[in-house]
Amino acid sequence: MGTRTHDGRDAGHGDGHGRDDGHGAVPAAGPGQGTRRPAPEGTAPARALDRLRHGTDPPARAARRAVRVTLAACIGFYVFRYALDRPVSATYALFSAVSVAALARIPGTGRQRAAVMVRLVPVGCVLVTIGTFLAVRTWSAVAGTLVIGFCLAFIAAAGPRPAGASPGLQLLYILPCFPPYAPDTLGERLTGTVVGMVLAVLAEAYVLPDPAVPGYRERAAAAVRTAARCAAALRTAPHALSADDVRQALAAGEAVRPSRVPEAERPAGPQVRERALAHTGLAVRTLLARLRALPVPRPAAPPGPGGLALLGAVEDSARETAALLVPPGGPAPAPAPASEDAAARALGAARARTAALQPAAPADRMRHAALLEIADAALVLGRAARIAVRGRGAVPDTDEGRFWYATTSSPRLWWIRLAGHAGPRSVHFQNAVRISLALAVARTVAGLDTLPHGFWAMLAVLSLTRTTAVQTRATVRSALIGTLLGALAAGAVLALAAGATLPCAILLPPLMLAAFCIGPVRGVGWTQALFTLVVATAFAQLAPATWQLAEVRFLDVLIGSVIGITCGLLAWPKGAHDELGRSVARMLRSAAEEVAAVTRAVTGTGTPPPPAVAGKDVQHALLLAETAYAQFQGEAQRPPGPSPDWQSALMAGHHVLWGAHRVLDAAAGPQPDEAAGHRVRAYGAWVAEGFARAAARFDVPRGGRGPAPAAEGAGGWSDDGPQPSDATRDAPPLFFTATAWLDSLTTDLGRMAAAHAVEDRPMPPGGRSG
């Protein structure tokens, strides 16, 4: 597809160290934290309540959410059922609260989730209305399920919050699209839906609020301050970072890696500010890496005043950027006066003066090129941060290539994001097809067989289907065991109640509290067992019920599970595993073409691409690869033995994009002579061939991984690459800029080659390779 889709994000949402649960950050001290008064001695309930309020472990989080869901669902249910005698509204109040507060997994604190839920209220009303009228015929309900189910699942491409809300919105459509066809009850249904969702919003916002965590802007500001300190250290003898400085720079860069950030704080949306904030994180990581890699000056040639002035301008610009991201003691600043960006303009002027210099020795020229790379990263960082804070118009002279999103309208940005995933090579598209087909089949079976409480089968499909067939099968096995045990317990409860509603009314709140507290911690089997008890006691209060209601519940879950497994086997059963290999291979092939094209363009043998289309294919392929990698991190199905270094490949793609823009920008200066130009072209061809060979290694579906490429000298990707010769000692700065970029890509290729060498080691009998 020819649509620009690059988001400027970091490589994936993981880092190769296992699944990121989105809660790995240490909460920042805020109101009620760090300064709160300890509970009096001997008051165990007070200490337990304090742990419940401020705990960050999974049981504490699940307990807080269970309390909120139970309050919201039960208040609406009891008011409508017993005070107003509106059983239809009671049903919708109960399931609306459960859908947005329990089934939906919206990341963030309670206040953040409440803000998302407020925007979902009108969407929920529209879905209930559509489902009510499409229930007139089975075929219309199935068609609606297919289309609406796909759209609600595909919206996950817009970021973690829409992805988390998707299952809850699916339930809001599923519930009314079953018989009886009763459009005259639409008012009661909408009343219950609105009340249930509003109660869920209030509970999330005010009941047992979650501890606050540092936002991405705060994390980025801290990393930028570290970069400023590193720039200051490089201005003083010995003009190199100490071991402690290097450790701090590494830690600061890791702190803004998306996999290290709670899911709710990741800038993953399609809007301008979110894209710019993601670009800010990538820019500060690049700046920190280049500050660490700055060559130490030769003893015989101490750094000149131009280079020291440039580092001082980088320091000043970084401090200004950090203050802009998190102003002291207040919210985001208002639009800045013209004088606020003085440090950024001073950095641009210092960069221009430094670029005009021409050191004599090749080693000094390499340091000179590295200084210009540092200045470029600092300039990009400042511009991205200003767009992230102030939105469109913050940088009137925005680079069309790097900051293309700054002048693009919001509908266009949404279209770019969704269109970029609208194809079978996107895992978001695959997931949407899988779940919509499964839901449509379940609705067809329920309609043709007049399955009692058929929406339970669709709910089972929605909650038990996973992205791989292996995971779905394992989930279904535990779910069926739990549902069977829950059905037996529910049958006993209903038999003992003998049609009386009072026992069920008394049991519903504690059962719901246990279901949403224990289930998320102990697994899907416990969830299904306890939720079976919840739905049995709830429906027993809406209509006379016997123990056979529990039997129907188990039958529905069984049917939904079989449908989920079948669709999982037919639609991309391996999930993101094979797709990740395809996407990374495509990205590396696009990177090879980009490297060759850029090196030809800057040496006069090719036409430089326009900024608006430079790296477009790499950007799109990188976006799909990052998405597949993010899903792969959460899938349990992994091949035995060492796995490929996906992270190194994804970061290599970012380095290709970033460096290509930098080299093309530098092409406006003096061009290399024939000897230097030939050297750059040869080096670029050598690196491009290395990326092509690496792509063949990652592309599993196209033939598998053969032997790791051996060092073959020129043209092989395991060698050290061409080196400067006497003929290039007087080359212009463009030669050293391009060479520095190709050197960094050679390092990436070597890292991938080393990972493949480890991967190819034979496994010892009965265990993993060391």
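Preceding this section is the structure that the text describes.
Model, not experiment: these values are computed from the prediction.

Visitor: Before we go on, may I ask you to explain a nonpolar patch on the surface in this structure?
Guide: A cluster of nonpolar side chains, L71, I75, V79 and L84, forms an exposed patch at the surface whose accessible area comes to about 320 Å². Structurally, L71 is set in helix α2 (residues 58–83). Among the residues examined, L71 registers a relative accessible area of 38% and is labelled partly exposed.

Visitor: I'm lost on unusual backbone geometry in this one. Help?
Guide: The phi angle of most residues is negative, glycine excepted, and most peptide bonds adopt the trans form. Cis geometry marks the peptide bond from P179 to P180, where omega comes out at 10 degrees. Mapped onto the elements of the fold, P180 is located in the loop between α6 (160–174) and α7 (186–206). Cis geometry is found at the peptide bond from A237 to P238, where omega equals 5 degrees. Structurally, the position occupied by P238 is in the loop between α8 (216–234) and α9 (243–255). Positive phi is not limited to glycine here, since D85 has a value of about 55 degrees. We note that H239 has phi near 60 degrees; this positive angle belongs to a residue other than glycine. The residue H239 is located in the loop between α8 and α9 in this model.

Visitor: What is the right way to look at the packing of α8 against helix α11 (residues 305–325) in this model?
Guide: Helix packing geometry: the angle between the two helix axes and the distance between the axes. One can describe the packing of α8 onto α11 by two numbers: an axis separation of 8 Å at closest approach and a directional angle of 160 degrees. Relative to α11, the element α8 is oriented roughly antiparallel. Seen from above, α8 lies across α11 with left-handed handedness. Across the interface between the two elements, R217, A220, A221, V224, R225, A228, R229, A231, A232 and L234 of α8 pack against L311, V314, E315, A318, R319, T321, A322, L324 and L325 of α11. For the contact of α8 with α11, the residue count by class is 13 nonpolar, one polar and five charged.

Visitor: Looking at this structure, I do not really get the nonpolar core. What am I missing?
Guide: The nonpolar side chains of a soluble globular protein tend to be buried, and buried together. Ranked by size, the top nonpolar core spans 82 residues in total, and within it F455, M512 and F516 carry the most contacts. The greatest single-element share of this core, amounting to ten residues, is contributed by helix α3 (residues 87–103).

Visitor: What am I meant to see in the environment of E218 here?
Guide: Structurally, E218 can be placed in helix α8. In this structure, the C-alpha to C-alpha distance between E218 and A322, residues 104 residues apart in sequence, is 8.7 Å.

Visitor: Help me out: how do you make sense of the pattern of salt bridges in this one?
Guide: Two side chains that carry opposite charge are able to pair once their charged atoms sit near each other. Taken as a whole, this structure holds eleven salt bridges when the rule is applied. The closest approach of N and O atoms between E254 and R257, which form a salt bridge, is 2.8 Å. Assessed through its relative accessible area of 26%, E254 is described here as partly exposed. Connected via shared salt-bridge partners are R68, R113 and E204.

Rules and cut-offs
Residues numbered from 1 in each chain as written. Predicted model: local features only at pLDDT ≥ 70, side-chain atom pairs only at ≥ 80, totals over all residues. Heavy atoms only, no water. Patch = residues over 30% accessible without salt bridge, like charges linked within 9 Å, V, L, I, M, F, W, Y side chains within 5 Å. Areas by Shrake-Rupley, 256 points an atom, 1.4 Å probe, with all protein chains shown as cover. Salt bridge = Lys/Arg side-chain N within 4 Å of Asp/Glu carboxyl O. Helix = DSSP H or I, 4+ residues; strand = E, 2+ residues; numbered from the N terminus. Buried < 20%, exposed > 50% of the residue type's maximum accessible area, 1.4 Å probe, protein only. Axes fitted to C-alpha atoms, helices over the stretch in contact; angles between N-to-C directions. Parallel < 35°, antiparallel > 145°, perpendicular 65-115°, else oblique. Left-handed = near helix turned anticlockwise from the far one by under 90°. Contact = heavy atoms within 4.5 Å. Nonpolar A, V, L, I, M, F, W, Y, C, P; charged D, E, K, R; others polar. Core = buried A, V, L, I, M, F, W, Y, C linked by side-chain atoms within 4.5 Å.

Read these as spatial facts, not as claims about activity.
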